[in-house]
Amino acid sequence: MISLRARFAQSWLVRVVVPLAVLGCVPFVLTASWVLNLAVLGLMYAVLASSWNLLAGYTGYISLCHAAFFGIGAYALGLWAGPGTASLSGYGPFLLTIPIGLAVGAAAIPIGWIILRTRHVTFAIVTITLLFMVQTLAFNLTGLTGGSAGLAVAAPPFPAAWFEQPFYYAMLILLALCVVIFELVRRSRLGLSLTALREDEEKARGLGVPTQPLKIGAFAVSVAITAMAGGVWAYYLTFVMPQYAIDPLVMVGTALTAFLGGKGTLWGPAIGALIVVPAQQYFAFRLGASDLYLVSYAAIFLVVILLLPRGIVPSLGEWLRKRRGGAARAVAVPDPAATQPVGVTR
Amino acid sequence: MSETGNLLEARGLHRSFGGVQAVSACSIAVAPHTITGLIGPNGSGKTTAFNIITGYLAAHSGEVHFDGIHHARPDPRRMYRAGLTRTFQQARVFPELTVLENLVVAAKRDWRALFGRRVSAADRRQAMEMLAEFSLSEHAAKKAAQLSYGQRKLLDFAAALMGDPKLVMLDEPTAGVNPVMIATMERHIRDRHERGMTFLIVEHDMNFVMRVCDPVIVLDRGTPVVSGTPAQVQADPRVLEAYLGD
């Protein structure tokens, strides 16, 4: 039988509700504008890494085209809500990200149908090609995107006192969407089938798992949320430039953040982002003029990958389980009546 | 079943890799309720034929008929739904799933079940019955990665049975496992056979083949050369030639 404590640790309350509530309280505690600005950026990477994780974590497909969809979301918002059109006291553009997400998700289905026929390295190459293709289009479709001159977006009419807060909560809602979807999938046969697909796609197909629809679905949901984050980001900056909206560095940052925190875990990508982004900003601030910050950035990854190769969350989880398992055995040994070590589920 | 009464009929399969003809003019028939053996020296195209029939590899020409239906382009998932499953030479399991989940994922369910519980009560019951049959019940909650190689072979076999198939294709069921496990495997095959299941087995262990399979088909350089009872096959000079060369 599963112990009460383990069941509690596996509950929605502990896994989803409490962490989100804690993140929801942050703007009440940290009110300085620069800190919140950092928090918005951190949450944005948390959303990017978590939505990327919906595909990579469940299916094992390492996509390098998510930044293209981030840019498409940013441009879509810029085109829909141009300068002077921030409706609903400035909250209108946030709502526009919903139809943008749905449209991008729908458009991702035929794209996924084609690119998900490749695997492993080929898939990575195909997706990074897609990224550069979209970036080239953004530079050259000047009638639509303004090319390298950029595209102006509606200016948010929020007062300086709480300018960052709406963006913080918009990103938090997107993060909540990612973790709720991740958790719902994990608890359903969908999660079981996707995990089987990730572990051995060939065998899963032979056991009746509908691998192609599952992969395409995961891809569509994953890029849809990425595009929504792009929309919020464009509104936050009020300007979309092709080299920042569709940026290979953002893509690499997303993937590395997810790996760092723990690909395939619920909170790993978000935790990775909340460590990496402040560290990156700190180093950029301290060493910015010399570009040396990129070296320190690389150093963080090297240290973590060497010390915690599977990522922070899985490595820490294992360490805790071992510790708790050891402690429980130590208690259980002198007490032969105890048939089940406390807190050990398997 | 086809007009000839066979459960599976592969006709004129042809597949080459570069200049090498892996199978050519390869026609295999499996009658219902038999344990058909497929033998041949290394490189004779047994696994290639297996992969074509189960849809893992496209044939350059040839036809596959299963249970009376012509499958123009066999696909693993469609073949599974039609009632054909297989195991792999290297006992393949889903290492990060539990032993129980390895079976649940193989149960035949329609797409709506995907949105239901990870392991429903009915799934659990069916999987536990199967685990009990294979004496793996005590390992139900373990990750499949923790099983021994022999146990993984059994789990792979059990998973292939979860969808209630008409034909199970076993790729070297006894390779790399100890004699006790071979006896266990044989018992399970016979047991399922008595309950009406049909098997097509690729195997190198000749004692096992001669004991369990009837009929036996011998492949040589991608083409079937002899087919008959174990006694007929053993007496046929072409078989010796296939194994020892000219």
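This section reports on the structure supplied with the text. All of these numbers come straight from a predicted model, not from anything done at the bench.

Analysis parameters
- Residues numbered from 1 in each chain as written.
- Chains lettered and ligands numbered in written order.
- Predicted model: local features only at pLDDT ≥ 70, side-chain atom pairs only at ≥ 80, totals over all residues.
- Helix = DSSP H or I, 4+ residues; strand = E, 2+ residues; numbered from the N terminus.
- Expected span 1.5 Å × (residues − 1).
- Buried ≥ 20, exposed ≤ 12 C-beta atoms within 10 Å, placed from the backbone.
- Pairing = 2+ DSSP bridges.
- Axes fitted to C-alpha atoms, helices over the stretch in contact; angles between N-to-C directions.
- Contact = placed C-beta atoms within 7 Å.
- Nonpolar A, V, L, I, M, F, W, Y, C, P; charged D, E, K, R; others polar.
- Core = buried A, V, L, I, M, F, W, Y, C linked by C-beta atoms within 7 Å.

### Examining helix α2 (residues 12–29) of chain A
With 18 residues, α2(A) extends 25 Å from end C-alpha to end C-alpha; this agrees with the ideal 26 Å at 1.5 Å per step. Little of α2(A) is tucked away, with one of its 18 residues classed as buried.

### Structural notes on the pairing of strand β9 (residues 216–220) of chain B
All names here are of chain B. For β9, a buried count of five out of five residues is recorded, marking the element as mostly surrounded by other parts of the structure. Across the two faces of β9 the burial is the same, with Val216, Val218 and Asp220 and Ile217 and Leu219 all buried. Alignment of strand β3 (residues 35–39) against β9, held across three bridges, turns out to be parallel. Residue pairing for β9: leucine 38 is matched across the bridge by isoleucine 217. Following β9, the chain reverses through two residues before pairing antiparallel with strand β10 (residues 223–228); arginine 221 in that reversal takes a positive phi of roughly 45°.

### Topic: the sheet that holds strand β2 (residues 20–30) of chain B
Residue and element names in this part refer to chain B. The strand order β2-β1-β4-β5 describes an open sheet built from four strands, whose pairing is antiparallel. Of all strands in the sheet, those bounded by a partner on one side alone are β2 and β5 (69–71). In this sheet, neighbouring strand axes are inclined to one another by 25° on average, regardless of whether the strands run parallel or antiparallel. Judged from the five bridges that link them, strand β1 (residues 8–17) and strand β4 (residues 61–66) form a sheet pairing that is antiparallel. Along β4, the bridge assignment pairs arginine 11 with glutamate 63.

### Structural notes on the interface of chain B and chain A
Contact with chain B, which involves 30 residues of that partner, is made by 20 residues of chain A. Contributing elements (two or more residues each) for the side of chain B that touches chain A: α2 (76–82), β6 (84–86) and α3 (99–104) of chain B. Considering every element that reaches the side of chain B that touches chain A, the biggest residue donor is α2(B), with four residues. The residue makeup of the side of chain B that touches chain A, split by class, is 16 nonpolar, four polar and 10 charged.

### As for the nonpolar core
All names here are of chain A. Ranked by internal contacts, the top residues of the largest apolar core, which has 173 residues, are Val47, Met171 and Ala229. Of the residues forming this core, the biggest block, 17 residues, is contributed by helix α11 (residues 211–237). Here valine 47 is in contact with Met171, Leu174, Leu175, Cys178, Ile225 and Ala229, once residues within four sequence places are set aside.

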